[in-house]
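Understanding the architecture of this molecule
Read off the chains here:
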Amino acid sequence: MKAKVTRRPLLIAAAIITLVSALNGCKPKSASNVVEGDAAQRVYVAPGKYDDYYLFASGGFSGQVGVYGLPSGRLLKVVPVFSVNPENGWGYSEETKPMLETSQGFSPWDDTHHPQLSVTNGEQDGRWLFINANNHPRIARIDLKSFKTVEILELPNVGGNHASPFVTPNTEYVVGATRFSVPLDGEDVPISSFKENFRGTVNFIKIDKESGHMNLAFQIMTPGVNFDLARAGKGPSEGWMFFSCYNTEQAYELLEVNATQKDKDFIMAVNWKKAEEYIKAGKGVKKPAAYLHNKYDEKSHMATSELVKEVLQLDAKELEGICYFIPCPKSPHGADVDPTGKYIAASGKLAAVIPVFSFEKIQKAIADKAFEGDFGGIPVIKYDAALAGEVKKPGLGPLHTEFDGKGFGYTSMFVSSEIVKWNVETREVVDRIPTYYSIGHLCIPGGDTKKPWGQYVIALNKITKDRYLPTGPELTQSAQLIDISGDKMKLLLDFPTIGEPHYAQAIKADLIKEKQVQWFKLEENTNPFAAKGEGQARVERKGNEVHVYMTAIRSHLTPDNIEGVKVGDVVYFHVTNLEQDFDVPHGFAIKANNNAEILVMPGETQTLKWVPKAVGVYPFYCTDFCSALHQEMSGYIRVSPAGSSVALSFNSTKKKE
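Below, the structure is looked at part by part. Only a predicted model underlies this, so the values are computations on that prediction, with no experimental measurement involved.

Inspection of every chain in the model, using the stated rule, returns 29 salt bridges. Between Asp448 and Arg231 there is a salt bridge; the shortest N-O distance is 3.1 Å. In this pair, Asp448 sits in the loop between strand E31 (439-443) and strand E32 (456-461) while Arg231 sits in strand E15 (residues 226-232), placing the two residues 217 residues apart along the sequence. The burial state of Asp448 is the same as that of Arg231; both residues are buried.

For the rest of this paragraph, the subject is the environment of Glu428. The residue Glu428 is located in the loop between strand E29 (418-423) and strand E30 (429-434) in this model. Here Glu428 falls in the partly exposed class, since its relative accessible area comes to 48%. Between the C-alpha atoms of Glu428 and Val225, which are 203 residues apart in sequence, the distance is 32 Å. Residue contacts for Glu428: discarding those within four places in its chain leaves Lys421, Trp422 and Asn423.

A few words on helix H5 (residues 272-280). Within H5 the residues assigned to the buried category are Trp272, Ala275 and Tyr278. On an axial view of H5, the arc spanned by its buried residues comes to 105°, and they lie on one face. If you check the start of H5, you find a side-chain oxygen 3.3 Å away from the backbone N of Lys273, and it comes from Asn271.

Let us look at the pairing of strand E20 (residues 323-329). Counting buried residues along E20, seven of its seven residues qualify, which places the element largely inside the surrounding structure. Of the two faces of E20, both are covered, the one formed by Cys323, Phe325, Pro327 and Pro329 as well as the one formed by Tyr324, Ile326 and Cys328. The sheet contact formed by strand E17 (residues 264-271) and E20 spans seven bridges and is antiparallel. What sits directly across from Phe266, in E20, is Pro327.

In this structure the tally under the stated criterion is 28 aromatic pairs. One aromatic cluster is present, built from ring pairs that chain together Trp240, Phe242, Tyr324, Phe359 and Phe371. For Lys206, the ring lying beneath its charged end belongs to Tyr173, and the centroid distance is 4.5 Å.

In spatial order, the strands read E3-E2-E1-E35; together these four strands make up an open sheet with antiparallel pairing. The sheet terminates laterally at strand E3 (75-79) and strand E35 (504-508), the two strands that pair on one side only. Going from strand to strand, the sheet's axes swing by 20° on average, the running direction of each strand aside. Here strand E2 (residues 65-70) pairs with E3 via four bridges, running antiparallel. Counted as the bridge partner of Val65 is Val79 from E3.

It is worth spelling out unusual backbone geometry at this point. Keep in mind that most residues, glycine aside, have a negative phi and that most peptide bonds are trans. Omega for the bond connecting Leu70 with Pro71 falls within 30 degrees of zero, at 20°, which places this linkage in the cis form. Looking at where Pro71 falls in the secondary structure, it is placed in the loop between E2 and E3. Across the junction of Thr558 and Pro559, the peptide omega takes the value -5°, indicating a cis bond. Considering the arrangement of structural elements, one finds Pro559 in the loop between strand E38 (556-558) and strand E39 (561-566).

Moving on: the pairing of strand E28 (residues 408-413). Most of E28 sits inside the fold, with five of its six residues counted as buried. Pairing analysis gives four bridges linking strand E27 (residues 398-403) to E28, with the strands arranged antiparallel. Its bridge partner being in E28, Pro398 is matched across the sheet by Met413. Remark: four residues form the turn of the hairpin made by E27 and E28, two consecutive strands paired antiparallel; Gly405 in that turn has positive phi of roughly 80°. Looking at chain direction, E28 and E29 are connected through six bridges and run antiparallel. The residue bridging Tyr410 from the neighbouring strand is Lys421, located in E29. Taking the residues between adjacent antiparallel strands as the criterion, E28 and E29 are bridged by four residues, where Ser417 takes a positive phi near 50°.

Within the span of helix H6 (residues 359-368), buried status applies to Phe359, Ile362, Ala365 and Ile366. Buried positions in H6, seen along its axis, are confined to an arc of 115° and lie on one side of it. Among the exposed residues of H6, those oriented more than 90 degrees off its buried face are Glu360, Lys364 and Ala367. Sitting at the head of H6, Ser358 places a side-chain oxygen 3.3 Å from the backbone nitrogen of Glu360. Following H6 by one or two positions, Lys369 has its phi on the positive side, about 55°.

A few words on the sheet that holds strand E26 (residues 387-392). Strand order in this open sheet of four strands is E21-E22-E23-E26, and the pairing throughout is antiparallel. Pairing within the sheet leaves two strands with one partner each, and these edge strands are strand E21 (332-337) and E26. Each adjacent strand pair in this sheet contributes to an overall mean axis angle of 20°, direction not counted. In this structure, strand E23 (residues 353-358) lies alongside E26, joined through five bridges in antiparallel fashion. Residue Val356 lies in a different strand from E26, and its bridge partner there is Gly389. Against the sheet, H6 contacts strand E22 (343-348), E23 and E26, and its axis sits at roughly 65° relative to E23.

Conventions used here
- Residues numbered from 1 in each chain as written.
- Predicted model: local features only at pLDDT ≥ 70, side-chain atom pairs only at ≥ 80, totals over all residues.
- Heavy atoms only, no water.
- Salt bridge = Lys/Arg side-chain N within 4 Å of Asp/Glu carboxyl O.
- Helix = DSSP H or I, 4+ residues; strand = E, 2+ residues; numbered from the N terminus.
- Buried < 20%, exposed > 50% of the residue type's maximum accessible area, 1.4 Å probe, protein only.
- Contact = heavy atoms within 4.5 Å.
- Arc of directions from axis to C-beta.
- Polar contact = N/O pair within 3.5 Å; in protein donor to acceptor, adjacent residues only side chain to side chain.
- Pairing = 2+ DSSP bridges.
- Phe/Tyr/Trp six-rings, centres within 6.5 Å; stacked < 30°, edge-to-face > 60°.
- Lys NZ or Arg CZ within 6 Å of the ring centre and 35° of its normal.
- Axes fitted to C-alpha atoms, helices over the stretch in contact; angles between N-to-C directions.

Set out below in structure tokens:
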């Protein structure tokens with residue numbers, strides 16, 4: 001079937017362009033006329049003082065997470081997640097390589113979008129951060145005691161893991177949905193059979209409440225649409241999830257035009273408690289699958305990768321009461337639940353209003369069967385039957401809403417580049433502030449929970465023309481810190497970010513900073529290649545493999561002279577950092593290695609693989625400045641011709657443990 005191209009979307013696009021031009025003409029020429037006079041004083045954090053909040057921002061196309069302090073905007077750390085990271089050897093050391101394995105092989109680079117902090121009783125608890133890989137569908141868990149990625153779970157039957165990850169009120173589940181519907185089970189079907197053969201999936205990953213370990217509990221199969229985002233219900237709406245979805249036209253080509261035909265798409269309400277009942281009743285169907293579950297053990301400091309071969313599925317079309325659709329004006333991006341759990345704000349990015357749905361009215365509509373029909377076998381609730389009210393004339397391009405806990409919602413406006421503040425009960429717009437430029441998501445610390453902190457909103461912007469010194473054709477992206485503690489929003493600070501700060505979440509620093517691991521205890525190191533003292537340092541040959549059990553402590557490596565390695569050997573440097581002190585990592589690098597260096601935390605063991613290709617003497621050294629004698633922390637390894645009779649030998653300080 002040939003997709004139709006109509007003039008209506010083109011007229012909408014033209015109108016938007018005109019309005020954008022007009023709005024840009026009204027925009028302040030610089031931030032100087034909107035920044036408060038005392039802004040610098042309010043964001044300045046003196047040397048030795050701590051910020052009040054951690055901000056975890058997606059690195060977007062970098063595949064990582066940036067950790068910033070607020071209010072200063074200082075970058076504190078880049079946590080490697082879905083991409084190799086030469087700063088600390090993530091994905092280069094033998095111990096971390098399995099974390100980037102997928103069912104399709106080693107994946108060194110991906111795209112992150114939505115960080116999500118764990119919650120207990122609907123409030124932030126500072127235990128874990130979850131984040132999605134958008135391209136190759138995965139969800140990662142970061143331990144906030146060590147700031148390490150400790151688990152990555154692949155999702156089967158998902159084509160672009162965008163509506164992900166979002167937690168339920170006690171982090172019972174992390175939930176993610178497919179952006180692109182796809183034929184399930186890898187079927188070979190014509191793309192033009194989208195309506196008949198393409199399905200969406202919503203995935204519920206069970207979280208162990210003590211360890212945080214993830215397990216794909218079940219998938220709900222839905223009609224073929226595109227899912228964008230989701231939020232969990234809370235309070236009266238606890239037990240439900242709300243997903244925004246678009247392309248209800250079920251277009252498969254030129255989506256720019258063909259997926260914007262209808263005046264309304266949908267919010268999908270999912271009763272996950274009902275899904276649990278169906279599973280308990282044996283209504284789930286186990287289907288063959290093949291996806292990887294990668295785990296990093298913080299005792300052995302090693303990752304393992306496990307292939308999982310089945311998935312439990314529920315069909316929303318067949319099982320009544322799991323899913324309902326609610327009409328929502330054009331291409332909804334956000335589906336955000338307010339702190340009371342009574343309201344769901346849905347933002348159609350091409351809509352002129354922000355509809356606010358009432359959970360109470362949704363329940364009544366379901367009970368009264370106030371449906372206007374069905375879509376793919378799923379009941380569609382009448383728009384007016386679910387609607388609490390609309391925010392009129394909020395701006396152009398409403399995307400995402402977060403809440404301050406004081407009765408106000410804050411919605412980002414992509415097209416008109418602004419944040420709009422509105423009253424949740426009356427839906428009245430009470431304030432607006434321009435952003436620079438093209439805001440996507442926004443973040444209020446705790447703004448998706450029962451207890452927002454309500455002090456700041458952070459604008460996460462796509463374009464930064466004229467904001468910073470130019471750096472060639474690619475400019476940094478940025479975030480803006482805005483004070484929302486008073487009636488009027490006040491811009492305080494711009495700060496550049498790594499990659500694209502697609503979304504971010506922030507949390508009070510006190511919930512995290514006191515829990516930090518300062519070093520890993522040597523006596524708890526279970527890595528089979530660990531040398532827990534210099535007396536255990538050694539070199540062993542196993543066929544053509546040479547294993548160097550090396551220790552690092554200020555300011556020497558043991559052993560630091562090695563001979564008897566031959567061309568054709570494969571050398572593994574297992575480096576154990578003997579330090580038991582805070583902030584004393586050691587690095588290791590050797591000349592002529594195709595791989596990057598490694599970085600080893602105190603008490604940790606990491607392994608660098610090296611395949612020497614030519615005869616010679618090669619220096620190695622510590623790459624992380626660690627002491628006044630750091631420059632002396634080095635050594636040599638001699639490589640002899642293949643078949644050489646040079647015996648394997650090494651020196652050491654011969655110190656006892």
